[in-house]
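For reference, the chains in residue letters:
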Amino acid sequence: MIGQTVRLSFRAIWSQKVRTVLTMLGVIIGVAAVIALVALGNGSARSITSRIQSLGSNLIVANVGYNPFAAGAASSTTSAPPSPPPPLTQSQVSALASTKGISAAAPVMSGTATLGVGSSTLSSSLDGTNGSYSSILGYHLADGRFLSPLDVQAANPVIVLGSGDAASLFGNENPVGDIVTVNGMPFHVIGVLASKASSAGENPNDFAVIPWTTYNQVFGSTGITSVDLSAANHANVTKDVGRLEDKLLGWLGSTQDYTVTAQSQILSTLSSVNRTTTLLLGGVASISLIVGGIGIMNIMLVSVTERTREIGIRKAVGASTRDVLAQFLVESLVLAGVGGLIGVAAGVAFSHVIANALKASAAVSLPMTALAFGFALAVGLVFGLWPATRAALMRPAAALRVD
Amino acid sequence: MAAIAILDKVSKRYPMAGQEVPALREISFTVQSGEFVSIMGPSGSGKTTLMHILGCLDVPSSGSYVLNGIEVSALSEMRLTDVRRKQIGFVFQNFNLISTLNAVENVALPLVYQRLSQAEQHERAAAALEHVGLKERMKYRPNQLSGGQQQRVAIARAMVTQAPIILADEPTGNLDSQTGHEVLELFAKLSRDGHTIVMITHDHEVATWGQRTIEIKDGRIVADREVVAQ
Ligand SMILES: Nc1ncnc2c1ncn2[C@@H]1O[C@H](COP(=O)(O)OP(=O)(O)OP(=O)(O)O)[C@@H](O)[C@H]1O
Ligand SMILES: [Mg+2]
């Protein structure tokens with residue numbers, strides 16, 4: 001019986017092609033919008049997350065420098081900006097590294113330098129650091145070795161190339177053992193890093209690394225103002241950050257002179273902001289789905305009126321109130337369901353097209369797709385209820401007198 | 001012979017502009033099983049109203065109506081549906097086929113609501129169509145059939161459930177005399193096969209096809225007589 005009802009409702013709906021397509025359009029657009037917008041929201045959340053995670057999920061960054069946004073900074077409005085705090089010493093970096101819960105620390109000095117091989121040159125990011133850098137930031141070696149304690153101690157002119165820089169300067173040749181000039185000074189290439197997957201935005205492979213002591217010599221002493229640290233266990237980062245802050249406060253004497261930030265804290269903030277945005281987008285799109293439902297209700301009401309006589313005939317030959325109710329409910333469910341299916345296909349296609357156009361990634365989630373389709377069916381059911389009830393409650397004698 | 005339909009002082013009043021307009025006034029008659037009764041009367045005399053009550057599409061305002069042993073004048077809509085489903089076959093003046101269904105599906109419609117299997121629906125609908133001489137037109141839509149053919153499909157639909165009583169409201173009203181004649185032949189055949197038939201008409205000629213004629217005027221019975229065989 002129900003199979004026959006569904007089959008016949010397809011036929012009834014298909015007998016009014018233009019009207020059916022126009023009615024479904026509301027649901028199609030609604031479902032497609034929900035899926036596409038949520039997919040794009042999820043996609044951007046995922047790419048931000050992976051970008052931050054690629055830096056190392058246990059990463060903590062300590063910066064020394066005047067921070068006007070730190071707690072208690074607002075009171076000093078009249079006084080001139082205070083003199084910058086002194087940079088950290090090497091022994092202070094070692095002290096940070098031996099903090100409870102911290103497994104490694106690397107001073108990081110960042111700048112841009114011109115790298116040269118023979119006549120070809122390349123403008124590249126250059127970091128001055130120590131041997132812990134690669135493990136803290138999650139880089140692996142493709143060839144050669146990384147910076148050793150001796151390189152740092154002796155300020156050796158040695159350089160480790162990111163895979164991007166290695167490819168730009170040497171093509172397919174192995175650069176290990178060759179000479180690269182940094183702002184004109186010759187450096188020994190001791191290692192090449194393996195490629196890290198590039199997520200949206202910056203390429204994490206276009207850079208080079210030298211000992212921070214050597215960096216001080218090449219660029220003039222700027223001192224250590226930034227230290228990357230690695231937490232032994234990312235579950236405890238909040239406590240680790242507190243312990244690092246205690247040490248820095250002891251050395252510098254003011255909470256405005258340093259910041260300590262855990263990558264995972266940024267991550268959780270960003271992902272919660274993103275989740276809210278995604279929900280909001282999905283909510284806005286759902287409204288269009290409800291509008292689609294009103295379209296279904298409108299057309300079903302028209303259909304019930306037009307088919308008053310048919311309802312009278314069906315009742316005369318034995319259709320019960322429930323039979324008629326079921327018939328019209330199935331019709332609106334079929335309208336919403338078919339519209340929903342097309343909407344799912346359109347939404348998936350759409351999110352890929354937009355993702356390609358915006359060079360963003362789209363993450364179509366199966367639960368979200370099922371939810372959008374289920375919502376379309378629910379809309380069909382809810383908005384079909386009134387027209388179907390109207391049809392079901394028609395008095396057969398009166399319905400048969402209508403022409 | 002057993003009585004299949006007994007009407008006793010059946011009245012029907014329609015509410016109109018705050019008043020009640022009487023359409024039927026104290027109609028009483030009995031239809032015996034196997035009888036072919038014609039109900040005659042001028043336009044507006046209450047024929048369609050009477051058929052709707054006979055067919056349990058509507059209930060009387062007062063009076064009693066016993067159909068096949070069931071007092072139906074006070075039944076709920078749910079019980080009336082059940083009575084219609086089992087007891088009555090309808091034929092209408094304007095055929096009243098469903099345009100999106102083909103001939104065999106239209107005939108099978110009452111069987112759908114009797115929850116028969118699709119195979120049985122098809123088998124019985126095809127047999128009924130064969131009975132009215134439309135075996136070759138099973139897959140035709142109503143708009144691909146002539147008026148006479150459509151009415152024969154409607155008759156097949158009325159008889160497919162083997163209902164004890166067939167009600168026809170002006171079955172020849174929209175047909176020319178030739179096709180009207182064919183349709184009446186079909187009713188005569190159904191009558192010979194033992195079906196009980198109540199046929200409404202305003203045409204004297206058509207009324208003589210029945211065995212008995214009831215004449216109504218202004219909602220009242222003015223004559224009730226046996227047709228003299230010619
Ligand atoms: N729903 C209604 N509301 C009010 N009055 C009605 C309604 N239906 C029928 N009537 C009135 O009841 C009376 C009988 O109508 P009915 O349709 O039964 O006549 P009829 O004999 O079938 O006429 P016809 O030969 O033209 O079909 C008419 O006066 C009509 O106006
Ligand atoms: Mg009438």
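From a predicted model like this one, the values you see are computed outputs, not experimental measurements. (Residues numbered from 1 in each chain as written. Chains lettered and ligands numbered in written order. Predicted model: local features only at pLDDT ≥ 70, side-chain atom pairs only at ≥ 80, totals over all residues. Heavy atoms only, no water.)

### What about the overall build of chain B?
Okay, step 1: Scanning chain B from terminus to terminus reveals 7 helices and 10 strands.
Okay, step 2: For chain B, the C-alpha radius of gyration of 17 Å lies close to 17 Å, the compact-globule estimate for 230 residues.
Okay, step 3: A total of 230 residues make up chain B; the buried ones form 53% of that total.
Okay, step 4: Excluding contacts between residues fewer than 6 apart, the proportion of contacts in chain B whose partners are at least 24 apart in sequence is 68%.
Okay, step 5: Taking the 23 positively charged and 25 negatively charged side chains of chain B as two groups, their mean positions are separated by 4 Å. (Helix = DSSP H or I, 4+ residues; strand = E, 2+ residues; numbered from the N terminus. Rg over C-alpha atoms; globule rule 2.2 N^0.38 Å. Buried < 20%, exposed > 50% of the residue type's maximum accessible area, 1.4 Å probe, protein only. Contact = heavy atoms within 4.5 Å. Lys, Arg positive; Asp, Glu negative; His and termini not counted. Charge placed at Lys NZ, Arg CZ, Asp CG, Glu CD.)

### Here we look at the interface of chain B and chain A
Okay, step 1: Tallying the contact residues gives 29 residues for chain B and 24 residues for chain A.
Okay, step 2: At the boundary of chain B with chain A, total buried surface from both sides reaches about 2,400 Å², with 54% on carbon and sulfur atoms.
Okay, step 3: At the junction of chain B with chain A, the criterion picks out 3 salt bridges.
Okay, step 4: Among the ionic pairs, A:R11 bridges to B:E105, the shortest N-O distance being 2.6 Å.
Okay, step 5: For the pair chain B and chain A, the interface holds 13 residue pairs in polar contact (both at pLDDT 80 or more).
Okay, step 6: When contributions to the side of chain B that touches chain A are tallied by element, the ones reaching two or more residues are helix 1 (47-54), helix 2 (77-87), helix 3 (103-113) and helix 4 (118-131) of chain B.
Okay, step 7: Examining the composition of the side of chain B that touches chain A, we find that 5 residues originate from one element, helix 3 of chain B, more than from any other.
Okay, step 8: Across the side of chain B that touches chain A, the residue classes break down as 11 nonpolar, 10 polar and 8 charged. (Buried area = accessible area lost by both parts, 1.4 Å probe. Salt bridge = Lys/Arg side-chain N within 4 Å of Asp/Glu carboxyl O. Polar contact = N/O pair within 3.5 Å; in protein donor to acceptor, adjacent residues only side chain to side chain. Nonpolar A, V, L, I, M, F, W, Y, C, P; charged D, E, K, R; others polar.)

### Points about helix 1 of chain B
Okay, step 1: Counting buried positions along helix 1 of chain B gives 7 out of 8 residues, so the element sits mostly inside the fold.
Okay, step 2: Of all the residues in helix 1 of chain B, the buried ones are B:K47, B:T49, B:L50, B:M51, B:H52, B:I53 and B:L54.

### Observations concerning the environment of A:S50
Residues and elements named next belong to chain A.
Okay, step 1: Among the secondary structure elements, S50 is positioned in helix 2 (residues 17-53).
Okay, step 2: Given a relative accessible area of 32%, S50 falls into the partly exposed group.
Okay, step 3: Residues S50 and L141 lie 91 residues apart in sequence; the distance between their C-alpha atoms is 21 Å.

### Points about unusual backbone geometry
Note on backbone geometry: most residues besides glycine have negative phi, and most peptide bonds are trans.
Okay, step 1: For B:E26, which is not glycine, the phi dihedral falls at a positive 45 degrees.
Okay, step 2: Turning to its location among the elements, B:E26 is positioned in strand 2 (residues 19-32).

### What about the pattern of salt bridges?
Once the charged atoms of two side chains with opposite charge are near each other, the side chains can pair.
Okay, step 1: Inspection of every chain in the model, using the stated rule, returns 17 salt bridges over all chains.
Okay, step 2: The residue B:E182 makes a salt bridge to B:R152 at a minimum N-O spacing of 3.8 Å. Within this pair, whereas B:E182 is found in helix 6 (residues 177-192), its partner B:R152 is found in helix 5 (residues 147-159), the two being separated by 30 residues in sequence.
Okay, step 3: Close ionic contact of B:R212 with B:D224 constitutes a salt bridge, the shortest N to O distance being 3.0 Å. A residue pair is termed long-range when its members are at least 10 positions apart, and B:R212 in strand 9 (residues 212-217) and B:D224 in strand 10 (residues 220-226) qualify at 12 residues.
Okay, step 4: Connected through salt bridges with shared partners, the residues A:R307, A:E310, A:R314 and A:E331 form a single ionic network.

### Structural notes on the sheet that holds strand 8 (residues 196-201) of chain B
All names here are of chain B.
Okay, step 1: Spatially, 6-7-8-3-9-10 is the arrangement adopted by the 6 strands of the open sheet, whose pairing is mixed. A single partner strand is all that each edge strand has here, and the edge strands are strand 6 (88-91) and strand 10. Geometrically, the sheet is characterised by an average inter-axis angle of 15 degrees between neighbouring strands, direction not taken into account.
Okay, step 2: As defined by bridge partners, strand 3 (residues 36-40) adjoins strand 8 across 5 bridges and the pair is classed as parallel. Directly across from S38, in strand 8, lies its bridge partner M199. (Pairing = 2+ DSSP bridges. Axes fitted to C-alpha atoms, helices over the stretch in contact; angles between N-to-C directions.)

### Things to note about the domain arrangement of chain A
Okay, step 1: By the assigned domains, chain A splits into domain 1 (2-50 + 269-400) and domain 2 (86-253).
Okay, step 2: If you average the C-alpha positions of domain 1 of chain A and of domain 2 of chain A, the two centres end up 56 Å apart. (Domains from an automatic or database assignment.)

### Section: the nonpolar core
Okay, step 1: Membership of the largest hydrophobic core comes to 74 residues, with the highest contact counts inside it found for B:F29, B:I39, B:L54, B:Y65 and B:L67.
Okay, step 2: If we skip the residues at most four places from it in the chain, B:I39 touches B:F29, B:K47, B:L50, B:L54, B:V198, B:M199, B:I200, B:T201, B:I214 and B:I216.
Okay, step 3: Core analysis: the second largest hydrophobic core is formed by 41 residues, A:A113, A:F170, A:V192 and A:Y258 among them. (Core = buried A, V, L, I, M, F, W, Y, C linked by side-chain atoms within 4.5 Å.)

### Some details on the site of ligand 1
Okay, step 1: In the region of ligand 1, 13 residues are neighbours, and A:R401, B:S43, B:K47, B:T48 and B:T49 sit closest.
Okay, step 2: Around ligand 1, the nearby residues trace back to chains A and B.
Okay, step 3: A:R401 has a polar side-chain atom sitting 2.8 Å from an oxygen atom of ligand 1.
Okay, step 4: B:G44 has a polar backbone atom sitting 2.8 Å from an oxygen atom of ligand 1.
Okay, step 5: Coverage of ligand 1 by the protein amounts to 66% of the 630 Å² it exposes when considered alone. (Near = heavy atom within 4 Å. Areas by Shrake-Rupley, 256 points an atom, 1.4 Å probe, with all protein chains shown as cover.)

### Considerations on a nonpolar patch on the surface
Okay, step 1: A cluster of nonpolar side chains, namely A:V18, A:L22, A:L25 and A:I29, defines an oily patch on the protein surface of about 400 Å² accessible area.
Okay, step 2: Position of A:I29 relative to the elements: it lies in helix 2. (Patch = residues over 30% accessible without salt bridge, like charges linked within 9 Å, V, L, I, M, F, W, Y side chains within 5 Å.)

### Focus: the packing of helix 9 (residues 263-306) of chain A against helix 12 (residues 366-392) of chain A
All names here are of chain A.
Okay, step 1: Contact pair helix 9 / helix 12: the axes reach a minimum separation of 8 Å and the direction vectors enclose 30 degrees. Relative to helix 12, the element helix 9 lies roughly parallel. Relative to helix 12, the crossing made by helix 9 is right-handed. On the side of helix 9, the interface is formed by S286, L289, I290, G293, I294, M297, M300, L301, V304 and T305, while helix 12 contributes A372, F375, A376, V379, F383, W386, P387, R390 and A391.
Okay, step 2: Its residues assigned to classes, the contact of helix 9 with helix 12 comprises 15 nonpolar, 3 polar and 1 charged. (Parallel < 35°, antiparallel > 145°, perpendicular 65-115°, else oblique. Left-handed = near helix turned anticlockwise from the far one by under 90°.)

### A short note on the UniProt feature "transmembrane region" (unreviewed entry) in chain A
Residue and element names in this part refer to chain A.
Okay, step 1: Mapped onto this numbering, the UniProt entry gives "transmembrane region" (unreviewed entry) at residues 21-41, 279-304, 324-350 and 362-386.
Okay, step 2: The annotated region residues 21-41 carries 100% helix and 0% strand content, and the separation between its end C-alpha atoms amounts to 29 Å.
Okay, step 3: Counted over residues 279-304, helix gives 100% and strand 0%. Its end C-alpha atoms are 37 Å apart. (UniProt positions renumbered as here; feature names shortened; annotations may be inferred.)

### Topic: the pairing of strand 9 (residues 207-211) of chain A
Residues and elements named next belong to chain A.
Okay, step 1: Counting buried positions over the 5 residues of strand 9 gives 5, a clear majority of the element.
Okay, step 2: Relative to strand 9, strand 4 (residues 120-129) is paired through 5 bridges, and the arrangement is parallel. Across the sheet, L126 pairs through a bridge with A208, a residue of strand 9.
Okay, step 3: Direction of pairing for strand 6 (residues 158-161) relative to strand 9: antiparallel, over a ladder of 2 bridges. Paired with V160 across the two strands is V209, which belongs to strand 9.

### Things to note about the environment of B:V37
All names here are of chain B.
Okay, step 1: Looking at where V37 falls in the secondary structure, it is placed in strand 3.
Okay, step 2: Residues V37 and I214, spaced 177 residues apart in sequence, show a C-alpha to C-alpha distance of 7.4 Å.
Okay, step 3: Excluding its chain neighbours within four sequence positions, the residues that come into contact with V37 are V31, I197, V198, M199, R212 and I214.

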